[in-house]
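Breakdown of the fold
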Amino acid sequence: MRHTAIIGQAGSGKANLLSQLIQFDIENDFGLIQFDLNGDATEAALASVPKRRIRDVVLIDLSDTDFPPAINPLQGSRLAGTHYNSVIADQLVDAFKSIAGYDQMATPDMDRTIYNAARAVIDFPNGTILDMYRMLVSEKVREQFVKRLRDPIVRFYWEEQFASLDVREQAFITKSTVNKLEPFVSDQRIRNALGQGKPLVDFKQAIENRKIILIKVPQSEFGLTKAKTVTGLLLAQLFSIAQRRQGLLPFHVYLPDCQHLTGNTLHQILATMGSRNVSLTLSFQYIHQLGRLKEAVFGNIGNWVMFRVGLQDALELEKLFEWDNTRKLLYELKHMEARVVTPFRNPESLMVSPTARFFKNHKAAIIAHSRHRYSRSQSWVESKLGRLLRHQR
């Protein structure tokens, strides 16, 4: 399957096109997952769900304080055996380094700490990111996790290498990792969602059963750093599951504002997921936003949809497609007007409808179903976490 890139200035029509692509998938019984860092895209998708697909929706709304969704990015490896534990840990290292802006820097101490802490927690039944934080700040908790480790190399790290350091050296090594994990434990909503242990959302089953997975982490409520960190972790979990996918049914991944997710996981998805019948649709405003993701996008995208862009991007795209007068065409496009480029075909014009066709609003029924199937009540979660943290003392 080919990946798709949608580029255009703010207000040019990208959101409308994404909404209509998702509506097409929903109406035609395709499976999809949408990562939404703003919230508007989720609302549009919910309005596109017909009655017959209400139970197909998996709504993961981290802003739902009353019923936090039960998700656990560390438990994806249990779907395929312990040999994937290292994959999950590696992707966790990549996610945290990318969010911190260290993905192009050598940070050996932080890498080792995150990796070995993740491996220790993954080996623990229903271990969570909250448990990673606990084991790094509490020697008592760390001993509980280490004594149950199955991997001899990871066990050696904690029992020999780390234990041989004095308290000051241990604090120095773990400080950076603890700082990266603190947003998960300090924000009640994130802590309640990621700290439940046993997940109720089975991404592997949802993908194979063509579910409509809507992940909403609005940066207006969480801040950009927290929103893109949680999204990056869930994207890494999706990738680890998709790598082992055997099904032939197409599955579509939508990433509006993809510039916020520039780690190695997204590079790997672009490079490999097409062969797994997983397509990725990215949207962004201008090329410079992509940073080092630019090469992966330009090298792996098969379909381009270009709305009105700035002068510099028009010049860049002219080089890419070797068009005459491309600058004028793309720079002067009207509102909702786009140029579409697909392999082996000449460029085509596209006028996007300003509004999608919506069904009767089933939002309340969808929320009720997702809360019942994929969430636990706030009181239950906080009671459990309270007991867990009191036991730590």
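The structure reproduced in this document is the subject of the present report. (Residues numbered from 1 in each chain as written. Predicted model: local features only at pLDDT ≥ 70, side-chain atom pairs only at ≥ 80, totals over all residues. Heavy atoms only, no water.)

Of note, Thr177 is situated in helix α8 (residues 167–186). Since its relative accessible area comes to 1%, Thr177 is described here as buried. When residues no more than four places from it in sequence are discounted, the contact partners of Thr177 are Met110, Thr113, Ile114 and Leu136. (Helix = DSSP H or I, 4+ residues; strand = E, 2+ residues; numbered from the N terminus. Buried < 20%, exposed > 50% of the residue type's maximum accessible area, 1.4 Å probe, protein only. Contact = heavy atoms within 4.5 Å.)

What follows concerns the sheet that holds strand β1 (residues 3–7). Sheet architecture is open: 9 strands sit in the order β3-β4-β2-β5-β6-β1-β7-β8-β9, paired in mixed fashion. On the outer flanks of this sheet lie β3 (57–61) and β9 (348–351), each paired with one strand and no other. Going from strand to strand, the sheet's axes swing by 15° on average, the running direction of each strand aside. Where strand β2 (residues 31–36) and strand β5 (residues 251–255) come together, 4 bridges link them in parallel fashion. Residue Leu32 lies in a different strand from β5, and its bridge partner there is His252. (Pairing = 2+ DSSP bridges. Axes fitted to C-alpha atoms, helices over the stretch in contact; angles between N-to-C directions.)

Let us now look at the pattern of salt bridges. Under the defined criterion, the tally for this structure stands at 18 salt bridges. Across the pair Lys363 and Glu43 runs a salt bridge whose closest N-O atoms are separated by 2.9 Å. Remark: Glu43 occurs in helix α2 (residues 40–46) and Lys363 occurs in helix α17 (residues 363–374); sequence separation between them is 320 residues. Salt-bridge contacts for Lys211 lead to Asp56; the nearest nitrogen and oxygen are separated by 3.6 Å. With Lys211 in the loop between α10 (203–208) and β4 (212–216) and Asp56 in the loop between α2 and β3, the pair connects residues that are 155 residues apart, well separated along the chain. (Salt bridge = Lys/Arg side-chain N within 4 Å of Asp/Glu carboxyl O.)

Our focus in this paragraph is unusual backbone geometry. If you check the backbone angles, Asp29 has positive phi at about 65° while not being a glycine. Tracing the backbone through its elements, the reader meets Asp29 in the loop between α1 (14–27) and β2. Given the relative accessible area of 31%, Asp29 is considered partly exposed. A positive phi angle is found at Asn277, which is not glycine, with a value near 65°. Along the chain, Asn277 turns up in the loop between α13 (264–272) and β6 (278–284).

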